[in-house]
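# Structural characterization, general
For reference, the chains in residue letters:
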Amino acid sequence: MNRSDLCTQVQSHESTGSEPAAAATVNRRWMRFGLLELLLLTTVVATWLPVIFARRQIPMLESEIETMRYATTQLIILDDQKLNVRSLPSIWNHINSWRYHVPADADLELRLATELINRVGFPADYKAVALPDGEHVIHLKCTKDAAGHHSEVFIDDELVLQQHHPVTWLESYGSSSTGSVSRQSKAYPLDEPLKIKVQRYSLKHPLKKYGSMDVPDVYDSKGNCLWISPASTVPTPSPRFYLPQERHGHEGIGHREGIKVVRAHRSNLVGLIGIVPSLRSVMGDERGGYPYCPLGISVRPILDREVSAAEIPEVQANLSDGIPVSLRESIVPPTQYDESYSRELISENAIQQDGRTMRIFAHFKPFPTGAKPIVEIIFDAAHPDRVGFLPHAAPDSPPMKACQLVTRFDAKFHWREIEMMADAQDVAGGSSSALREPLSAFYPEIDFATLAGDRGAVAAPFGWRRLPANRLPRVAVPESQREMTRLSLTTDVADSTKLTYPAGLSRQWQYEGIPNRQIWWLPTADVQQQDGIKVEIQGGAEYPQTSLPIPGGPAIQNVRITVPMPAKSPVWLEIATEPEVN
């Protein structure tokens, strides 16, 4: 290679390498900044970084402050013209404390009650003391010793209220507490009562040695109810009847401390009028599951035709079609039925003017035959364990010959005996001459001895048996010329907790309460007629829709009351404790 060629290559390489160098030079010019720009950028970043970090830390710090504030005794006065209250950290297991502030001339009272405590109102029997104005501390001390039960209320260090009861006043293993005052300082109006603490004692299980049972919160309980109230406010007596105040209430409608009816979306209750017996009649039974509904009534219309069978609502019910029965306060059929789990609210208009009777109506969707029964459901304050049924036909329903009321889930209670008169001539003698006849007397063709505990011996129910009306006891109605015919089913199980249930049996069928009775009160004039009210029972050896035997042998599975239409008088269902037959 000569000298001229080498020079040419060198020049060529220099010219090729100069292009990237030029581009890099341009890029470096864009990245160049002076000291002033650096200082400005640092200032901007330094200004916003604390804000960003603060936004992250402030919520956590506020939460920690609130947590620490709970552990203090400080009360923040949010409104000096209102009642400011907060609860204080507990210093002992049996002492609760609250700090409050009220303005001068607030005219408030601090009240204490230990009985008749329920969710629907304030106890009418209480002790009270004027609430001092300014800032003070309230202490409630509840103790039990050999002398009895003691409830003492202090304002600051001064004892102002006290209640003492003997040891026999209550036998309980626990309690539940609620209240409207939180650990945060809050301001409350001066013209409204404020529940500081509501403590309700549970009851000892009537059959189990160490068991306990909770009392429904609409029932009266023993415990401690401490509240602040305007001195001029006098608590009204708790109502006799209970009406849930929200559309999804499952407690039932009826006597506040007695039997109730309910409708539910639970598969085995769809199409039925659910029965919730009073606490005293099923005391000790596990009230788990929501709603607690151990019995049901199936309403089955029979049309006025030569050949017409009863229609069964729960067989035709489809959950996807909604609930086929609607509870309302008016006998006028609804234009639209309740399709959902919620229901139409029933107001106090259902309570009669005398305040002793409440009436609601169960409206059924049309049956396949077009039948539209309406069942009037009646509650009488004089009989809190009873509920009455008076069937009607809707105006656009085909004529109905009769309406059947069929009980469901009876096998749970092991009713095996029926109270009957030994001689039809002694019917008017009442319960004094009534005898308990076993279920086997109505099924002479079945050997009951071979069925006791024998799995799968007779899978199907035994069939319906009509009870002779002339052997059912008749009872005179007090202060009346009328008589009622009584059907009473009793049990031979003295202690249900000693029963051994078959493995795999649903809790729905396992009863753990006291012995009780199913009683039907029927108008005697309607029972004695040839085409009058008909009474039937059905027995079985197994729990319905299972192949599991009933402990102790066959029991009554259903009662069927056939009421001719149009019905004149209601029939009454009562679930009563074993000694109580009125």
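In what follows, the accompanying structure is described. (Residues numbered from 1 in each chain as written. Predicted model: local features only at pLDDT ≥ 70, side-chain atom pairs only at ≥ 80, totals over all residues. Heavy atoms only, no water.)

## With respect to the environment of Phe364
- In this fold, Phe364 is placed in strand β20 (residues 357-364).
- Residue classification places Phe364 among the buried residues on the basis of a relative accessible area of 1%. (Helix = DSSP H or I, 4+ residues; strand = E, 2+ residues; numbered from the N terminus. Buried < 20%, exposed > 50% of the residue type's maximum accessible area, 1.4 Å probe, protein only.)

## Focus on empty space enclosed by the protein
- Under the defined criterion, the tally for this structure stands at two cavities of 30 Å³ or more.
- Taken as a whole, the second largest cavity spans an internal volume of roughly 50 Å³.
- Together, Phe413, His414, Thr491, Val493, Ser496, Tyr511, Gly513, Ile514, Pro515 and Asn516 line the second largest cavity.
- Of the residues contributing to the lining of the second largest cavity, the split by class is five nonpolar, five polar and no charged. (1 Å grid on protein atoms, 1.4 Å probe; cavity = no way out; pocket = protein on both sides within 12 Å on 5 of 7 lines; lining within 4 Å. Points joined across faces, edges and corners; volume = space filled by probe spheres on them. Nonpolar A, V, L, I, M, F, W, Y, C, P; charged D, E, K, R; others polar.)

## Comments concerning the sheet that holds strand β6 (residues 148-155)
- One open sheet accounts for six strands, arranged β7-β6-β5-β2-β1-β9; its pairing is antiparallel. Edge positions in the open sheet fall to β7 (158-165) and β9 (186-188), since each of these has one partner strand only. Put simply, the sheet's adjacent strands are angled 25° from each other on average, direction ignored.
- Pairing of strand β2 (residues 95-102) with strand β5 (residues 134-145), which is carried by eight bridges, proceeds in the antiparallel orientation. Directly across from Arg99, in β5, lies its bridge partner Val137. (Pairing = 2+ DSSP bridges. Axes fitted to C-alpha atoms, helices over the stretch in contact; angles between N-to-C directions.)

## Considerations on the side chain of His165
- The residue His165 is located in strand β7 in this model.
- There is a polar contact of 2.8 Å between the side chain of His165 and the side chain of Thr114.
- With residues up to four places along the chain from it excluded, the contact list for His165 reads Thr114, Glu115, Ala147, Gly148 and His149. (Polar contact = N/O pair within 3.5 Å; in protein donor to acceptor, adjacent residues only side chain to side chain. Contact = heavy atoms within 4.5 Å.)

## With respect to the nonpolar core
- By size, the foremost hydrophobic cluster in this structure holds 80 residues, and its most contacted members are Ile273, Ile377, Phe389 and Trp520.
- With five residues, strand β31 (residues 555-564) is the largest single contributor of residues to this core.
- In this structure, Trp520 is in contact with Ile297, Phe389, Leu405, Thr407, Thr485, Arg486, Leu487, Val559, Ile561, Val571, Trp572 and Leu573, ignoring residues within four places of it in sequence. (Core = buried A, V, L, I, M, F, W, Y, C linked by side-chain atoms within 4.5 Å.)

## Regarding the pairing of strand β19 (residues 325-328)
- Here β19 shows two buried faces, one formed by Val325 and Leu327 and the other by Ser326 and Arg328.
- Across four bridges, β19 lies against β20 in antiparallel orientation. What sits directly across from Ser326, in β20, is His363.

Any functional reading would require information that these geometric values do not contain.
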